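Examining the three-dimensional arrangement
Each chain is listed here by its residues.
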Amino acid sequence: MGDNSAENFSEAIAAYQEAQEIYRHLKLFKDLAGTLTNLGNAYCNRAELGDNSAENFSEAIAAYQEAQEICFNLNLFKDLAGTLTNLGTAYLTRAKLGDNNAENLGEAIAAYQEAQEIHRELKLFKDLAGTLTNLGNAYLTRAELGDNSAENLSEAIAAHQEAEKIRRKLNLFKDLAYTLNNLGNAYLTRAELGNNSAENLNEAIAAHQEAEKIRRKLNLFKDLAYTLNNLGNAYLTRAELGDHSAENLSEAIAAYQEAEKIRRKLNLFNDLASTLTNLGNAYLTRAELGDNSAENLNEAIAAHQEAEKIRRKLNLFKDLAYTLNNLGNAYLTRAKWGDHSAENLSEAIAAYQEALQYFPPKLQPANCLRTAENLVRLAVGCQDWNLALDASQKAIEALEQSRAWAKTEALRQDIIHQGIGVYENAIQAAVNCDRLDLALQFVERVRSKRLVDLMATADLYADGRVPESVRQKLDQLQQLQQQINAQRSLLEGPSDSSTGNKSAIAALHRAATQALSDEILALETKKQQVLDALSQEDNVIAKLQQVVPLELAQMQELLDKPTVALLSFYTTDDDTHIFILRGDGSLHRHTCAGQGFNTLQGWLLETWVKPYAGIGAANETERQIRKKIWRAQMPQVLQELSQRLECDKLIQNHLENIEELILIPHLFLHQIPFVALPTDSGEYFGDRFRLRYAPSCQVLSFCHSRPSVEDTTYGTVENATDDLPFTRVEGDMVAQLFQIPPERRLRGRQAATGEAYRGLLEVCTHLLSSHHAQTRFDNPLESFLRLGDGTITVSQLLSPGWRFPELSDIFLSCCETGLTLPQNLADELITLGTGFLCAGARAVLSSQWSVGDISTAVLSGLYHQARQKGCDRASALQQAQRQLRELTAEEFGKGQKEFLYKLQKQSEKEGNVQAAEDYKGIRTQVEDFVKGNNPTDLIFNHPVYWAAFRCEGLG
């Protein structure tokens, strides 16, 4: 190509189009299929020139698909396999150009796999080897995009190895060299991903060296240059990994230089530019190792500059961007060494900025991110915060596009985790530029992305019309959950509730820190695979792609009164910022200087999180000791945290006339009961303000956007394992307040089943859920509510099968329903509470630690009394917490015994002897609880009793 290529392709296409019309008219379908294949090839070639690529690839694929159909109908299986191979190549090329990478790679692999099956059946081994090589290239491309890289690299290597064997056996030496070249590239990629790097690099170099020998022997100079280029890459990678760096750099440079000579001689200018870029990188690496640094830097810059000129002349803008990025790196390195620093910095900035013009974040996210991060680092080093802010915005767009393309949740989480520095730089740049609006928006973009995605789909199947493919996956999830429940029952052993044996149940509601059985873990892994497959449904993806980060004005809409403020926390390496958005429209920043990731979050980990998690990991005797220590240290830790966050200064400077706060914590701050932070005035933070929480502004926005629930229908789920007597009392209190009929009260193991629980969610707008629950620190998606016949997990609540559009409020009167630990630096709050927000609830009350049966029942009763009188959620919780901690031993004992006596007499009147005995027994427990206290003692004054619960969502 090269001589009026575009014009010649147009001529070829016109000729093929005319020929196909004739064949169509004459019904010469076999000839028509051949012409369509040639037409597809012409469209593909024109697309690769950059001439309306998307349109030409679509035309090519349409032509191949019609040819494929004809060949199939005529039983022309050999021709069909050839067409499928061409079709696969079209999809593969389209993927490499950044057009729906994942989808097109999937289509390419499917086409190649079908072609190879035909070749195998027809014993067309030469053709089979060609298809296997193409298949290997497709797997390699998918691996390079980060999609199950290890697995896809293994598939790529296996395909190339089989092709290699066939071509050796058939003495197809030219083709063998081609396969060896690709096999070497696959080994090199695996080495670059850190998988047995030394061994894989040796394999890569050996493959390329053998390909080099064959091509030298056959005088295939153009192909030889390709192999030398790849061989240079392998040596360069080995040098960068520190393996005899000087020696391997010399080998790399020698390989690149020979490839350069060949390509110059053959006037292969596009390929020459590629080799010059690689050569420039090798010189730069040698310079950075201190080997004649100035000389090697000059060589690097000269090589990149020549590559730049070639690519400009050929209008190869994507390739030009690669070169500009590398050229920027070389200029930046020279600037760091003090050689005309200002001039070289300017050159580096110009190179990076131009490169970004050719790397659109939506089409070339990986390349855009790499270049933008280079520019951000340069800008931060120069303290040019405006430049850092501009580059950071592009980096965030690219990062989030890469996440959108990822096919598994684990990969999506890893992308955000690896990119946390991008957000942190953007936040710091915005703060330094006094752009608090952008800083807050960047903070919100990193929060709870998984939950945001899932809530965006929450109404997708609310009408019950679930597509069959989705329904099948939901059935799989249900079956797997049933198997997990059965395994857990075996693991836990029998529980004799009639004799009060609580050991098995007690183990369930403590924080788990060790893995369960291998069988359960295997089933949980299968569940995650089904969830990943579910997230790839076309209609779900379409919905997710519509999620747009909130602008400041949209966040402002979440504050319905001037007396409400939103506090968004974010901890960087150095400081903790609190962004304060007030209901009057003003935006402020409170920075806790020096309270960075290690000094604040690390301190919380050591003083709050680990001691609590350690309770569940100990034996029974040690557990009680650890629990007492954690409880005893709580006031001291909260006092120090208040000082670290400078809460009094925050109140004085930014929260005047504010009555209600919406808190969006960060990382381990999610575990902290802000309601119990002491202030210098002698009151708690929760006395000064009504408090509610949200994982992110985006999640809160979803709660706001849901239509209001007009009816009020209460239901309860009580004592699902028959070992929490006070949940019965709690249920009776709430039932009396809201006149709940017996059919909407699930009481005890027999009634409180998973199916009945779900049925209650479908008919109730308000639910009290009072029983055991457990957080899984090792796998938050498997945190669960314990019911009579099994569990309800977070993963179920997050799936499309659990959607309750009329669910307003749920009070999770259980242990740890708002508790989780960050799995990485991505601020992902996945709890039972947020699971219910995703399932449709407008507001959830959840707990942050393992709570007591008695204190929780009293708090719930006080809360529901306030709600029944018309208080909003946040006010009702504030009142209930204050009343509980001010309750004396005498008031508690007298009130509870009177209430229980009435229940006992009512049961006797109804002839329910067992219930009457139960209430009598609970009265005895109340007496035991207050025994030893003075009548005026505030028996629930310690924060461990009253501070665990918080309101999430609407207030």
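Residues numbered from 1 in each chain as written. Predicted model: local features only at pLDDT ≥ 70, side-chain atom pairs only at ≥ 80, totals over all residues. Heavy atoms only, no water.

**Focus: the overall build of the protein chain**
Rules: A run of H or I in DSSP becomes a helix once it reaches four residues, and a run of E becomes a strand once it reaches two; helices and strands are each numbered from the N terminus. Our radius of gyration is a C-alpha quantity, and the globule rule it is checked against amounts to 2.2 Å times the number of residues to the power 0.38. Each residue gets one of three labels from its accessible area relative to the maximum for its type: buried under 20%, exposed over 50%, partly exposed in between, using a 1.4 Å probe on protein chains only. Any two residues whose heavy atoms approach within 4.5 Å are treated as being in contact. Under the convention used here, a 1.4 Å probe and the Shrake-Rupley method define accessible areas, while residue burial counts only the protein chains that appear.
Summing up its helical and strand segments, the protein chain has 41 helices and 14 strands in all. Against the compact-globule benchmark of 30 Å for 955 residues, the protein chain has a radius of gyration of 33 Å, which places it among compact chains. For the protein chain, the C-alpha atoms occupy an extent of roughly 100 × 70 × 50 Å along the three principal directions. By the burial criterion, 57% of the 955 residues in the protein chain qualify as buried. At a minimum sequence separation of 6, the contacts of the protein chain that also span at least 24 residues come to 72%. Looking at the protein chain as shown, the accessible area adds up to about 40,200 Å², and 47% of this sits on carbon and sulfur atoms.

**Concerning unusual backbone geometry**
The phi angle at Glu 646 is positive, at roughly 55°, despite the residue not being glycine. Among the structural elements, Glu 646 can be located in the loop between helix H28 (620–644) and helix H29 (647–654). A positive phi angle is found at Leu 667, which is not glycine, with a value near 50°. Among the structural elements, Leu 667 can be located in the loop between strand E4 (660–664) and helix H30 (685–688). Since its relative accessible area comes to 4%, Leu 667 is described here as buried.

**Thoughts on the sheet that holds strand E10 (residues 784–787)**
Backbone hydrogen bonds hold the strands of a sheet together, and the pairing may be parallel or antiparallel. As a reminder of what qualifies: At least two bridges found by DSSP between two strands are what make those strands a pair.
Spatially, 3 strands are ordered E9-E10-E11 in an open sheet, and the strand pairing comes out antiparallel. Unpaired on one side and paired on the other, strand E9 (773–774) and strand E11 (790–793) mark the two borders of the sheet. Relative to E11, E10 runs antiparallel, the two being bridged by 4 bridges. Bridge pairing in E11 links Leu 787 to Gly 790.

**Quick look at the environment of Asn 41**
For clarity, the threshold we go by: Here a polar contact is taken to be a pair of N or O atoms separated by no more than 3.5 Å, where protein atoms must pair a possible hydrogen donor with a possible acceptor and residues adjacent in sequence count only if both atoms sit in side chains.
Inspection of the secondary structure puts Asn 41 in helix H2 (residues 29–48). Sequence separation between Asn 41 and Arg 631 is 590 residues; the distance between their C-alpha atoms is 73 Å. In this structure, Asn 41 is in contact with Tyr 64 and Asn 86, ignoring residues within four places of it in sequence. Separated by 2.4 Å, the side chains of Asn 41 and Tyr 64 make a polar contact.

**Observations concerning the packing of aromatic side chains**
How we decide: Paired rings are identified among Phe, Tyr and Trp, the last through its six-membered ring, by centres lying within 6.5 Å, and are further divided according to the angle between planes into stacked (under 30 degrees), edge-to-face (over 60) and tilted (the rest).
Counted by the stated rule, this structure contains 18 aromatic pairs. Ring centres 5.3 Å apart and planes at 55° place the aromatic pair Phe 569 and Phe 674 in the tilted group. Of the two residues, Phe 569 is situated in strand E1 (residues 564–571) and Phe 674 in the loop between E4 and H30; the sequence distance between them amounts to 105 residues. Grouping residues by exposure puts Phe 569 and Phe 674 together as buried. Taking the centre distance of 5.6 Å and the plane angle of 20° together, the rings of Phe 929 and Phe 940 count as stacked.

**Regarding a nonpolar patch on the surface**
The condition that has to hold: Surface patches are drawn from residues lacking salt bridges whose relative accessible area is over 30%; two like charges belong together within 9 Å, two nonpolar side chains (Val, Leu, Ile, Met, Phe, Trp, Tyr) within 5 Å. Salt bridges are identified by distance alone: a Lys or Arg side-chain nitrogen within 4 Å of an Asp or Glu carboxyl oxygen.
The grouping of Ile 22, Leu 26 and Leu 28 at the surface amounts to a nonpolar patch, some 260 Å² of accessible area in total. Tracing the backbone through its elements, the reader meets Leu 28 in the loop between helix H1 (5–26) and H2.

**Concerning the state of the cysteines**
Rules: Disulfides are defined as cysteine sulfur pairs within 2.5 Å.
Enumeration over the complete set of coordinates arrives at 0 disulfides. Take Cys 44: it sits in no disulfide, and the sulfur closest to it among the cysteines is that of Cys 71, at 16 Å. On the accessibility criterion, Cys 44 (7% relative accessible area) is buried. Cys 647 takes part in no disulfide bond, and the closest cysteine sulfur, belonging to Cys 592, lies 7.8 Å away.

**Here's the deal with the packing of helix H32 (residues 725–738) against helix H40 (residues 913–930)**
Which entries qualify depends on this criterion: Axis geometry follows a simple rule: fit a line to the C-alpha atoms, using only the stretch in contact for helices, then measure angles between N-to-C directions, giving values from 0 to 180 degrees. Roughly parallel means an angle under 35 degrees; roughly antiparallel, over 145; roughly perpendicular, 65 to 115; everything else is oblique. The classification used treats Ala, Val, Leu, Ile, Met, Phe, Trp, Tyr, Cys and Pro as nonpolar, Asp, Glu, Lys and Arg as charged, and all other residues, Gly among them, as polar.
One way to put it is that H32 packs onto H40 with a least axis distance of 10 Å and a crossing angle of 105°. Judged by the inter-axis angle, H32 sits roughly perpendicular to H40. Taken together, the residues of H40 that come into contact with H32 (itself represented by Pro 725, Phe 726, Arg 728, Val 729 and Asp 732) are Ala 915, Asp 918, Tyr 919, Ile 922, Gln 925 and Val 926. Of the residues in the contact of H32 with H40, the class split is 7 nonpolar, 1 polar and 3 charged.

**Observations concerning helix H14 (residues 317–336)**
Our working rule: Helix span, expected: 1.5 Å multiplied by one less than the number of residues in the helix.
Here H14 spans 28 Å end to end across 20 residues, near enough to the 28 Å set by a 1.5 Å rise per residue. Counting buried residues in H14 gives 15 out of 20 residues, a clear majority hidden from the surface. Following H14 by one or two positions, Gly 338 has its phi on the positive side, about 85°.

**Focus: the nonpolar core**
As a reminder, the rule being used: Put simply, a nonpolar core is a bunch of buried Ala, Val, Leu, Ile, Met, Phe, Trp, Tyr and Cys residues held in one set by side-chain atoms that sit within 4.5 Å of each other.
One finds Tyr 757, Leu 761, Ile 810 and Phe 836 to be the most contacted residues of the largest nonpolar core, which totals 156 residues. Looking at this core element by element, the count peaks at 9 residues for helix H17 (residues 385–405). Those residues in contact with Phe 836 that lie beyond four places of it in its chain are Tyr 757, Leu 761, Leu 785, Leu 797, Leu 807, Ile 810, Leu 812, Ala 841 and Val 844. The next biggest cluster of nonpolar side chains, apart from the first, holds 86 residues, and it includes Phe 726, Leu 845, Cys 871 and Cys 951.

**Side note on the side chain of Thr 133**
Tracing the chain through its elements places Thr 133 in helix H6 (residues 125–144). Residue Thr 133 is classed as buried on the basis of its relative accessible area of 1%. Among residues more than four places away in sequence, those in contact with Thr 133 are His 160, Ala 163, Arg 167, Tyr 178, Thr 179 and Asn 182.

**So, the packing of helix H9 (residues 197–217) against helix H10 (residues 221–240)**
Selection criterion: The crossing is said to be left-handed when, going from far helix to near helix, the turn is anticlockwise and less than a right angle, and right-handed when the turn is clockwise.
At a minimum axis distance of 9 Å, the contact between H9 and H10 shows a crossing angle of 160°. Accordingly, the angle class assigned to the pair H9 and H10 is roughly antiparallel. The hand of the H9/H10 crossing is left-handed. Contact with H9, carried on its side by Leu 201, Asn 202, Ile 205, His 208, Gln 209, Ala 211, Glu 212, Arg 215 and Arg 216, involves Asp 223, Leu 224, Tyr 226, Thr 227, Leu 228, Asn 230, Leu 231, Ala 234, Tyr 235, Thr 237 and Arg 238 of H10 and no other residues of that element. A breakdown of the residues in the contact of H9 with H10 according to their chemical character gives 9 nonpolar, 6 polar and 5 charged.

**Notes on the environment of Arg 120**
Tracing the sequence through the fold places Arg 120 in helix H5 (residues 101–122). Expressed as a C-alpha distance, the spacing of Arg 120 and Ala 756, which sit 636 residues apart in the sequence, is 54 Å. Setting aside its immediate chain neighbours within four residues, Arg 120 contacts Leu 128, Leu 132 and Glu 162. Among the polar contacts listed, one links the side chain of Arg 120 to the side chain of Glu 162, at a separation of 2.6 Å.

**Digging into the pairing of strand E6 (residues 714–718)**
Rules: The crossover handedness rule: strands pointing away from the viewer, path from first strand over the helix to second strand clockwise, crossover right-handed.
The buried fraction of E6 amounts to 5 of the 5 residues, a majority that puts the element mostly inside the structure. Of the two faces of E6, the one carrying Tyr 714, Thr 716 and Glu 718 and the one carrying Gly 715 and Val 717 are both buried. Of the strand pairs in this sheet, E6 and strand E8 (residues 766–770) are connected by 5 bridges, and their pairing is parallel. Within the sheet, the bridge partner assigned to Gly 715 lies in E8 and is Leu 767. Examined bridge by bridge, E6 and strand E7 (residues 745–747) share 3 bridges and lie parallel to one another. Among the inter-strand pairings, Glu 718 is bridged to a residue of E7, identified as Arg 747. Tracing the backbone out of E6, into H32 and back to the parallel element E7 gives a crossover that is right-handed.

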